[in-house]
Amino acid sequence: MSINFNYWQARIGKPLIFALCLLPFLLLSFRLLNNQLGANPIEVFTRSNGEWGLRFLLITLSITPLKNILKQSWPMQYRRMLGLFAFFYVFIHLSSYLVLDQFFDWQEIWADIIKRPYITIGMSAFVLLIPLAVTSNRYMMKRLGRNWLRLHKLVYLIAILAVVHFFLLVKADFYWPTVYAVLLGLLFTFRLRKYCSLPLGK
Ligand code: HEM
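Residues numbered from 1 in each chain as written. Predicted model: local features only at pLDDT ≥ 70, side-chain atom pairs only at ≥ 80, totals over all residues. Heavy atoms only, no water.

Draft legend 1. Summary view of the packing of aromatic side chains. Applying the stated rule across the entire model yields 18 aromatic pairs. With 5.3 Å between their ring centres and 5 degrees between their planes, Phe56 and Tyr89 make a pair best called stacked. Of this pair, Phe56 sits in helix H2 (residues 41-61) while Tyr89 sits in helix H4 (residues 79-101), and the two are 33 residues apart along the sequence. Side by side, Phe56 and Tyr89 carry an identical accessibility label, which is buried. Ring geometry for Phe85 against Phe88: centres 6.0 Å apart, planes inclined by 85 degrees, an arrangement best described as edge-to-face. Note that Phe85 and Phe88 are positioned in helix H4 at a spacing of three residues, about one turn of the helix. On the basis of relative accessibility, which here comes to 24%, the residue Phe88 falls in the partly exposed class. An aromatic cluster is present here, built from Phe18, Phe25, Trp52, Phe56, Phe85, Phe88 and Tyr89 joined pairwise through their rings. (Phe/Tyr/Trp six-rings, centres within 6.5 Å; stacked < 30°, edge-to-face > 60°. Helix = DSSP H or I, 4+ residues; strand = E, 2+ residues; numbered from the N terminus. Buried < 20%, exposed > 50% of the residue type's maximum accessible area, 1.4 Å probe, protein only.)

Draft legend 2. Representation of the side chain of Gln102 in the model. Note on placement: Gln102 falls in the loop between H4 and helix H5 (106-115). In this structure Gln102 touches Tyr97, Glu108, Ile109 and Asp112, once residues within four positions along its chain are discounted. (Contact = heavy atoms within 4.5 Å.)

Draft legend 3. Main features of the pattern of salt bridges. In this structure the tally under the stated criterion is three salt bridges. Note that Glu51 and Arg55 form a salt bridge whose closest N and O atoms lie 3.3 Å from each other. On the criterion of helical spacing, the pair formed by Glu51 and Arg55 is a turn pair, its members being four residues apart in helix H2. (Salt bridge = Lys/Arg side-chain N within 4 Å of Asp/Glu carboxyl O.)

Draft legend 4. Representation of the coordination of the iron atom of the ligand within the structure. Protein-derived ligands of the iron atom of the ligand are His93 (NE2) and His165 (NE2), with the metal-ligand distances lying across 1.9 to 2.0 Å. Geometry at the iron atom of the ligand is octahedral, judged from its six donor atoms and the angles of 87 to 179 degrees they form at the metal. Residue His93 is located in helix H4, and its partner His165 is located in helix H9 (residues 154-169); the two are separated by 72 residues in the primary sequence. (Donors = N, O, S within 2.8 Å, 3.2 Å for Na, K, Ca; no water. Tetrahedral: all angles 85-135°; square planar, octahedral: opposite > 155°, others 65-115°.)

Draft legend 5. Looking closely at the site of the ligand. In the vicinity of the ligand, 20 residues are found, and the nearest of them are Arg47, Glu51, His93, His165 and Leu169. Between the ligand and the protein, one listed contact pairs a nitrogen atom with a side-chain N or O atom of His165 at 2.8 Å. The set of elements that each furnish at least two residues to the shell around the ligand consists of H2, H4, helix H6 (117-134) and H9. When residues in the shell around the ligand are grouped by element, the largest group, seven residues, is from H6. Looking at side-chain class alone, the shell around the ligand contains 13 nonpolar, four polar and three charged residues. (Near = heavy atom within 4 Å. Polar contact = N/O pair within 3.5 Å; in protein donor to acceptor, adjacent residues only side chain to side chain. Nonpolar A, V, L, I, M, F, W, Y, C, P; charged D, E, K, R; others polar.)

Below is the structure:
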């Protein structure tokens, strides 16, 4: 039974999840190249990739609670891939801002980082994501030992910074930043319950 499950996971589960994770990027790129992103395609492309980055951060954070709720370990098999997709979408988000939005105008970019708090916070979140992406392999996991877990706790801070980034950049409609803040709050509550070892439902 477990052999079948492992076989299914390696042969179908992982490639399928990988393809699903890549789909938003492929669709967005297709629509960008075919002029289907409305009047301001670059803004839509940049924003949509940013939003997918945030979604993947939250999906990655929900893997441990999911494992605890299901009392099954298989969700953990997908955590690294999902975390790397969070990095991938944020990287595309940042690249499209640097290349398509600012045309590599480093002076303008630096001015943005200093002057606009939402860019400062977004940039901090990105910089903190780099060591997590670089160390998200078995070799670094082994090398860093317990420090690996400590380092990867940074993902909570990154998610908070990403939600703050979203709150700061919207001017009037706070609906979606609030939705993400509530979801993040729920994930924190799960974490704290686990930390305080309170069984679920009590
Ligand atoms: C963990 C890192 C980051 C995450 C998760 C993230 C996420 C987001 C989200 C969710 C949005 C709003 C999307 C929407 O309106 O639907 C956004 C917008 C934006 N982000 Fe980020 N972001 C990150 C880092 C950065 C960085 C490093 C930069 C550039 C230095 C950046 C620049 C922008 C810009 C320019 C916008 C659009 C603002 C506008 O058009 O008004 N972000 N980001």
